[in-house]
Structures are given as structure tokens and as C-alpha cells.
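Close look at the chain arrangement
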Amino acid sequence: MADRKNKRAYLDDFQRDLNGNYQYCGAHCHYVGKTPRKTVLLRLWLLCGGAAALTAGAGFVPGATAHMPAYVSLSYMAALLAAVYALYTLLRMTAGGEPLRAYLHEQTAEKLPGRCTLAAVLCAVAAAGQGIATFAATQSRASNITYRVFLVLAAVGYLAAVKVTKAMAYEKR
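Below is a short write-up of the structure.

Let us now look at the overall build of the protein chain. Helices and strands together make up the secondary structure of the protein chain, namely six helices and five strands. Along the protein chain, from the amino end to the carboxyl end, the secondary structure elements read α-β-β-β-α-α-β-α-α-α-β. Radius of gyration (C-alpha) of the protein chain: 20 Å, far over the 16 Å computed for a compact globule of 173 residues. Here the C-alpha coordinates of the protein chain stretch approximately 70 × 40 × 25 Å along the principal axes. Accessible surface, the protein chain as shown: approximately 10000 Å² in total, 63% of it carbon and sulfur. The distance from the centre of the 19 positive side-chain charges to the centre of the 8 negative ones in the protein chain is 12 Å.

What follows is the structure in C-alpha cells.
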């Protein structure tokens, strides 16, 4: 039970006002980076959104995953889920506004680099699995190459998003 309390400790920062509505009374994190926050968020959306689009687009390449072993399709599905999770985290961070509530900062800005890294690794694993499957079957179709290029470019996009996210500076007040 104590572990559950720690996960929801941020709820203690909400207090009822005179009308019975809950108001957040906790700490906030203010963006203090050199580049304006809107510009940084636009870069993140272009990098993460573009990488997610490439990840999803790899699944639409005709014949790239047809009759492939489970390690190809399962690794791709894991990469696709990680891409959605990274986008969801970025959406919550963007919707949180400026200043960002402290608990939301912990759940989004601090976790986004790890989630983008996970998506990049899974994209690379999916591309490597496709390469192994293509090599083992001695097939070198253009669709397999397109699939791998999409996933490698997505991995690069996620890693660039990690770099941008780690460069964001917040100050807790």
C-alpha cells in the first residue's frame, strides 16, 4: 500500500477551494532554455512525429513483412507501440503548458528521453531482424530495403529528439 501512495503522492498537491473545486497548489517547473519553448516543442514534434510516421509507414510497405518470421513482425509491433507511447508523452508535455506542473514534468519531460531511446532501439532491432530474415531467405527485394530505411531513419529521428529533450532546461519554483 505504501508503494501505491508514493505513486500518487502528487495528489496531495490538490486542495479544494471555497466552491468545492480542486486547485493545484504544488510546485511548477518553468522553462528557462535559450531557445523559446515553442520552437523546442516544434522541433520535438517534427522529430518525434516524423519518426512515428516513418515507423508506421514501414508497416505499409507492401510485402515487407509478408511471410516473415515472428521476430520481424513482433519487433516491429513493439517499435510501433513505443512510438505511440513517446508521442503520447510529448502530447502530455505540450498540453501541460507553461509553467509545467512539477508532477507533470516528472512524468513527461524527464521520461521522454528514455521513451524515445526505447523507440529508437526497437526500430533498429526491427530493421536488423528484417535484414537477417532477408539474408537468410536470400531475398533482396526493394520493399525490404525501403522497410529498413524507414526504420533506420525513424531511429535517427528518435535519437535526435532525445538530444533536443535533454537540452531543455527547467527550473522548479
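Still to come is the rest of the account.
A few words now on the pattern of salt bridges. Summed over all chains, the structure comprises two salt bridges. A salt bridge links arginine 173 to glutamate 171; the nearest nitrogen and oxygen atoms lie 2.9 Å apart. Residue class for arginine 173 comes out exposed when judged on its relative accessible area of 54%.

Here strand β3 (residues 28-31) pairs with strand β4 (residues 100-101) via two bridges, running antiparallel. If you follow cysteine 29 over to β4, its bridge partner there is leucine 100. Strand direction decides the pairing type here: β3 and strand β5 (residues 170-172), joined by three bridges, are antiparallel. The residue bridging tyrosine 31 from the neighbouring strand is tyrosine 170, located in β5.

Counting through the fold element by element, alanine 52 comes out in helix α2 (residues 37-59). Owing to a relative accessible area of 10%, alanine 52 belongs among the buried residues under this scheme. Separated by 30 residues in sequence, alanine 52 and alanine 82 place their C-alpha atoms 9.1 Å apart. Apart from the residues within four sequence positions on either side, alanine 52 is in contact with Ala83, Leu87 and Tyr158.

Attention now moves to the sheet that holds β4. The three strands are arranged β4-β3-β5 in an open sheet whose pairing can be described as antiparallel. With one partner strand each, in any of the chains shown, β4 and β5 form the two edges of the open sheet.

Conventions used here
- Residues numbered from 1 in each chain as written.
- Predicted model: local features only at pLDDT ≥ 70, side-chain atom pairs only at ≥ 80, totals over all residues.
- Heavy atoms only, no water.
- Helix = DSSP H or I, 4+ residues; strand = E, 2+ residues; numbered from the N terminus.
- Rg over C-alpha atoms; globule rule 2.2 N^0.38 Å.
- Areas by Shrake-Rupley, 256 points an atom, 1.4 Å probe, with all protein chains shown as cover.
- Lys, Arg positive; Asp, Glu negative; His and termini not counted.
- Charge placed at Lys NZ, Arg CZ, Asp CG, Glu CD.
- Salt bridge = Lys/Arg side-chain N within 4 Å of Asp/Glu carboxyl O.
- Buried < 20%, exposed > 50% of the residue type's maximum accessible area, 1.4 Å probe, protein only.
- Pairing = 2+ DSSP bridges.
- Contact = heavy atoms within 4.5 Å.

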